[in-house]
Amino acid sequence: MLDSCKLKSACNLPFICNKKINTAGTSNAEVPLADPGMYQLDITLRRGQSLAARDRGGTSDPYVKFKIGRKEVFRSKIIHKNLNPVWEEKACILVDHLREPLYIKVFDYDFGLQDDFMGSAFLDLAQLELNRPTDVTLTLKDPHYPDHDLGIILLSVILTPKEGESRDVTMLMRKSWKRSSKFQTQSLRLSDLHRKSHLWRGIVSITLIEGRDLKAMDSNGLSDPYVKFRLGHQKYKSKIMPKTLNPQWREQFDFHLYEERGGIIDITAWDKDAGKRDDFIGRCQVDLSALSREQTHKLELQLEEGEGHLVLLVTLTASATVSISDLSVNSLEDQKEREEILKRYSPLRIFHNLKDVGFLQVKVIRAEGLMAADVTGKSDPFCVVELNNDRLLTHTVYKNLNPEWNKVFTFNIKDIHSVLEVTVYDEDRDRSADFLGKVAIPLLSIQNGEQKAYVLKNKQLTGPTKGVIYLEIDVIFNAVKASLRTLIPKEQKYIEEENRLSKQLLLRNFIRMKRCVMVLVNAAYYVNSCFDWDSPPRSLAAFVVVEDMLEDEEEEDDKDDKDSEKKGFINKIYAIQEVCVSVQNILDEVASFGERIKNTFNWTVPFLSWLAIVALCVFTVILYCIPLRYIVLVWGINKFTKKLRSPYAIDNNELLDFLSRVPSDVQVVQYQELKPDPSHSPYKRKKNNLG
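All values derive from a computational prediction rather than experimental measurement. (Residues numbered from 1 in each chain as written. Predicted model: local features only at pLDDT ≥ 70, side-chain atom pairs only at ≥ 80, totals over all residues. Heavy atoms only, no water.)

Looking at the side chain of Arg250
Argument step 1. Within the element layout of this structure, Arg250 appears in strand S16 (residues 248-257).
Argument step 2. Although buried, Arg250 forms no salt bridge, and the nearest oppositely charged side chain, Glu210, lies 4.5 Å from it.
Argument step 3. The residues contacting Arg250, other than those within four sequence positions of it, are Leu208, Ile209, Glu210, Lys643, Pro647, Tyr648, Ala649 and Ile650. (Helix = DSSP H or I, 4+ residues; strand = E, 2+ residues; numbered from the N terminus. Buried < 20%, exposed > 50% of the residue type's maximum accessible area, 1.4 Å probe, protein only. Lys, Arg positive; Asp, Glu negative; His and termini not counted. Salt bridge = Lys/Arg side-chain N within 4 Å of Asp/Glu carboxyl O. Contact = heavy atoms within 4.5 Å.)

In structure tokens form, the structure reads like this:
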């Protein structure tokens with residue numbers, strides 16, 4: 001009935017609702033309702049006025065849903081504590097026919113509870129004049145209480161016929177809404193004249209420096225602030241800074257810029273509260289269209305609806321080469337283009353754009369023997385290819401368990417230790433997409449130019465599921481740039497689902513932690529055996545080595561007084577659960593740290609082990625040639641003057657950044673390649689076909 005291409009503030013489809021025109025005009029009612037052509041409905045959700053109060057403070061946290069038939073096609077952002085919200089959000093919807101009206105519903109968001117209904121209205125699409133922008137005012141009503149005044153919603157709409165255009169569209173981007181669990185889609189058409197489609201026009205690099213004089217939200221006169229960023233469908237959440245009104249974050253992340261003229265970054269500050277709803281501190285916005293390109297801007301933003309400032313660094317740069325094309329358009333098979341790529345990452349260009357480490361090309365050829373997700377015994381599979389925060393999709397092959405996509409994806413590599421994730425989903429029009437299988441492939445494990453059959457795994461990547469996917473991958477990178485990038489912090493992913501308490505995961509992390517502790521215990525036994533002279537030669541050697549190195553140290557333990565607060569039973573349950581999740585995560589971090597050290601010496605990733613050896617050799621030569629006191633002096637001067645030379649530099653530890661690239665034992669299992677069934681061999685398949 002309906003194909004939806006739902007976009008928020010970054011809508012790639014044309015939107016031409018500029019004029020302010022009354023709803024008077026020629027009706028579209030005479031258009032045949034059975035018209036097989038499609039219509040594009042462009043909507044701007046402007047604002048609401050005099051909405052109903054649903055919270056105790058006499059306010060609401062409104063958001064809007066658009067539905068056609070029984071399918072949700074759009075959901076707005078939440079405007080907190082406001083009865084006259086301003087959204088200014090755009091949605092582009094492809095409609096098969098005009099029989100169904102657009103159903104608008106407004107809700108008050110309640111954290112952890114069922115959202116409160118604030119009213120609804122209908123828009124009759126058949127009454128809209130074609131190709132003409134129209135301003136619409138809708139009065140909200142409650143069917144159960146028709147006499148209640150629930151306010152109004154203001155929209156701008158334009159209905160455009162799409163007759164004669166093919167409905168075979170290529171899906172280029174989808175995003176999962178955490179709250180609605182709906183798989184929304186943004187569809188773009190591949191042009192015959194421009195078969196390569198660049199998905200974003202630039203990169204927005206943001207560094208969250210600090211907050212100043214934030215509003216105190218807790219009873220102790222402090223807050224536990226964190227910040228959320230949103231640009232269109234992209235989101236980022238900062239870390240939580242406990243008990244401070246002047247937090248120092250020093251976090252850096254990138255957004256993709258889809259609009260030529262820029263966009264609006266929505267920023268909200270929050271106070272973290274255990275076991276109850278987080279408190280809203282304030283909001284602000286950054287208009288990217290007002291910022292010049294290729295230049296870093298320092299912004300001090302006043303928080304609206306609250307107190308304090310946020311300090312940011314924002315840089316807009318040109319887009320890296322990220323594209324999708326058919327197999328017939330292949331960058332590496334074009335000799336001239338291949339030579340240009342090899343030249344770009346040659347050893348002679350070490351210091352040219354250190355962030356551009358390499359080039360990745362992924363051919364998604366086909367899949368075989370997929371799981372049947374539909375009642376018909378078939379599936380409608382499409383494939384998602386992800387590298388860090390870069391995400392591209394194939395088209396959907398309908399009613400097929402052995403789909404052929406034959407698409408080529410290209411990415412710029414910013415970190416050679418990244419992991420390529422390829423996930424296969426089954427498309428469902430009326431609900432979230434069904435998971436069919438996934439593979440995770442570290443870039444350093446890829447063999448160039450080899451077509452391989454990868455066995456699909458489950459969501460946790462711990463075991464196989466049904467089906468295989470055929471990929472051919474090529475990686476070209478500069479080894480020196482890759483080594484230097486190893487010593488800076490990893491790129492953080494956009495907002496992911498928070499870890500939940502899991503008995504199985506908690507037990508697994510405890511066992512991993514126990515293994516690490518046992519290694520230390522065995523090392524202690526070994527040292528103790530030296531003191532017991534179980535092996536006289538070994539004990540004598542140990543005595544000579546440590547004779548002049550033993551020192552007595554005294555340690556003092558300082559205990560901080562903790563404020564105790566009376567909590568209700570429910571709050572205590574939430575608090576206990578949060579503590580258990582924290583313990584679970586701490587066990588994972590400590591166990592992973594020990595496993596990464598072990599895997600460095602086990603040569604789990606040869607590139608990293610060789611890098612460690614080279615670094616140790618270089619340090620040894622430097623130590624031999626230069627007295628230690630000079631090295632310590634230079635190191636100390638560098639550390640003490642770092643903030644003076646670069647006040648907004650992000651603090652990091654090179655050793656921890658190096659270890660973060662080494663996989664833990666859990667990740668080793670996730671990245672392990674399963675052996676496919678011999679019957680899935682491409683050679684054997686061709687042989688059988690010939691026979």
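Considerations on the confidence of the model for the protein chain
Argument step 1. Chain-level pLDDT for the protein chain is 77 on average; 75% of the residues reach the 70-or-more range.
Argument step 2. Confidence drops under pLDDT 50 across residues 1-36; counting only partners more than four residues distant or on other chains, this segment forms 116 contacts.
Argument step 3. Under a pLDDT of 50 for its full length, residues 164-198 has, in the predicted model, 110 contacts with residues more than four places off or in other chains. (pLDDT = per-residue confidence, 0-100.)

Notes on a nonpolar patch on the surface
Argument step 1. A grouping of Val614, Val618, Ile622, Ile626, Tyr630, Leu633 and Ile637 is seen on the molecular surface, where their side chains present a nonpolar patch of about 610 Å² in accessible area.
Argument step 2. You can see Val618 is positioned in helix H6 (residues 606-625). (Patch = residues over 30% accessible without salt bridge, like charges linked within 9 Å, V, L, I, M, F, W, Y side chains within 5 Å. Areas by Shrake-Rupley, 256 points an atom, 1.4 Å probe, with all protein chains shown as cover.)

Quick word on the sheet that holds strand S15 (residues 234-237)
Argument step 1. Strands sit in the order S15-S14-S17-S18 across an open sheet of four strands; the sheet is antiparallel. Taken across any chain shown, the strands that pair with only one partner, and hence form the sheet edges, are S15 and strand S18 (279-287). When strand polarity is set aside, the average angle formed by the axes of neighbouring strands in this sheet is 15°.
Argument step 2. Bridging between strand S14 (residues 225-231) and strand S17 (residues 264-271) involves six bridges; their strand directions are antiparallel. The partner of Tyr226 across the bridge, within S17, is Trp270. (Pairing = 2+ DSSP bridges. Axes fitted to C-alpha atoms, helices over the stretch in contact; angles between N-to-C directions.)

Concerning unusual backbone geometry
The bulk of non-glycine residues show a negative phi, and the bulk of peptide bonds are trans.
Argument step 1. If you check the backbone angles, Ser50 has positive phi at about 55° while not being a glycine.
Argument step 2. Along the polypeptide, Ser50 turns up in the loop between strand S2 (39-49) and strand S3 (62-68).
Argument step 3. Despite not being glycine, Glu305 has its phi angle at roughly 60°, a positive value.
Argument step 4. Checked against the element boundaries, Glu305 lands in the loop between strand S19 (296-302) and strand S20 (309-318).
Argument step 5. In this structure Glu305 comes out as partly exposed when scored by relative accessible area, which is 42%.

Some remarks on the nonpolar core
Argument step 1. Among the nonpolar cores identified, the biggest contains 34 residues, and Leu41, Phe66, Ile153 and Leu155 are the most heavily contacted of them.
Argument step 2. Of all the secondary-structure elements, those providing two or more residues to this core are S2, S3, strand S4 (71-75), strand S5 (86-95), strand S6 (102-108), strand S7 (116-123), strand S8 (134-139) and strand S9 (152-161).
Argument step 3. Among residues more than four places away in sequence, those in contact with Phe66 are Ile43, Leu45, Lys71, Glu72, Val73, Phe74, Leu102, Tyr103, Ile104 and Leu155.
Argument step 4. Of all hydrophobic cores here, the second largest spans 32 residues; its members include Leu370, Phe409, Val439 and Ile469. (Core = buried A, V, L, I, M, F, W, Y, C linked by side-chain atoms within 4.5 Å.)

Details of the environment of Lys493
Argument step 1. Considering the arrangement of structural elements, one finds Lys493 in the loop between helix H2 (479-485) and helix H3 (503-531).
Argument step 2. Classification of Lys493 as partly exposed rests on a relative accessible area of 32%.
Argument step 3. Sequence-distant contacts of Lys493, that is, excluding residues within four places in its chain, are made with Tyr236, Glu386, Asn388, Asn389 and Glu421.

Overview of the UniProt feature "transmembrane region" (unreviewed entry) in the protein chain
Argument step 1. As annotated by UniProt and renumbered to match this structure, "transmembrane region" (unreviewed entry) occupies residues 607-635.
Argument step 2. Across residues 607-635 one finds 93% helix and 0% strand; the C-alpha atoms that close the span lie 27 Å apart. (UniProt positions renumbered as here; feature names shortened; annotations may be inferred.)

Quick look at the pairing of strand S25 (residues 404-413)
Argument step 1. Counting buried positions along S25 gives eight out of ten residues, so the element sits mostly inside the fold.
Argument step 2. As paired elements, strand S22 (residues 358-368) and S25 share eight bridges and run antiparallel to each other. For Phe359, the partnering residue across the bridge sits in S25 and is Asn412.

Examining the pairing of strand S29 (residues 464-477)
Argument step 1. Within S29, ten of the 14 residues are buried, which leaves it mostly tucked inside the rest of the structure.
Argument step 2. Here S22 runs beside S29; their pairing, made up of ten bridges, is antiparallel. Looking at S29, one finds that Ala367 is bridged to Ile469.
Argument step 3. Both strand S28 (residues 450-457) and S29 contribute to a ladder of seven bridges, which runs antiparallel. The residue of S29 that forms the bridge with Gln451 is Glu472.

Observations concerning the side chain of Thr394
Argument step 1. By secondary structure assignment, the location of Thr394 is in the loop between strand S24 (390-393) and S25.
Argument step 2. Here Cys383 takes part through its backbone nitrogen, which lies 2.9 Å from a polar atom of the side chain of Thr394.
Argument step 3. A polar side-chain atom of Thr394 sits 3.3 Å from a polar atom in the side chain of Trp405. (Polar contact = N/O pair within 3.5 Å; in protein donor to acceptor, adjacent residues only side chain to side chain.)

Let's talk about the sheet that holds S6
Strand pairs in the sheet, formed through backbone hydrogen bonds, run parallel or antiparallel to each other.
Argument step 1. Read across the open sheet, the four strands follow the order S4-S3-S6-S7; overall the sheet is antiparallel. Each having just a single partner strand, S4 and S7 make up the two edges of the open sheet. The sheet shows a mean angle of 25° between the axes of neighbouring strands, direction not considered.
Argument step 2. Looking at chain direction, S6 and S7 are connected through seven bridges and run antiparallel. Counted as the bridge partner of Phe107 is Phe117 from S7.

Here's the deal with the pattern of salt bridges
Argument step 1. Counted under the stated rule, the structure contains 15 salt bridges.
Argument step 2. Salt-bridge contacts for Arg283 lead to Glu305; the nearest nitrogen and oxygen are separated by 3.5 Å. A residue pair is termed long-range when its members are at least 10 positions apart, and Arg283 in strand S18 and Glu305 in the loop between S19 and S20 qualify at 22 residues.
Argument step 3. For the salt bridge of Lys414 with Glu491, the shortest nitrogen-to-oxygen distance reads 3.5 Å. Of this pair, Lys414 sits in the loop between S25 and strand S26 (419-426) while Glu491 sits in the loop between H2 and H3; the two residues are 77 residues apart in sequence, bridging distant segments of the chain.
Argument step 4. Among the residues examined, Lys414 registers a relative accessible area of 23% and is labelled partly exposed.
Argument step 5. Through salt bridges with shared partners, one network takes in Glu210, Arg212, Lys298 and Glu300.

Describing the packing of aromatic side chains
Argument step 1. Enumeration over the complete set of coordinates arrives at twelve aromatic pairs.
Argument step 2. A ring pair is formed by Tyr63 and Phe107, whose centres lie 5.9 Å apart and whose planes are at 25°; its orientation type is stacked. Here the residue Tyr63 occupies a position in strand S3, and Phe107 occupies one in strand S6, the gap between them amounting to 44 residues.
Argument step 3. Under the relative-accessibility criterion, Phe107 is labelled buried at 11%.
Argument step 4. Within the aromatic cluster, the residues linked to one another by ring pairs are Phe229, Tyr236, Phe253 and Phe255.
Argument step 5. Note that Lys65 overlies the ring of Phe107, its terminal NZ or CZ placed 4.8 Å from the centroid.
Argument step 6. Above the ring of Tyr470, the side-chain terminus of Arg366 is found at 3.9 Å from the ring centroid. (Phe/Tyr/Trp six-rings, centres within 6.5 Å; stacked < 30°, edge-to-face > 60°. Lys NZ or Arg CZ within 6 Å of the ring centre and 35° of its normal.)

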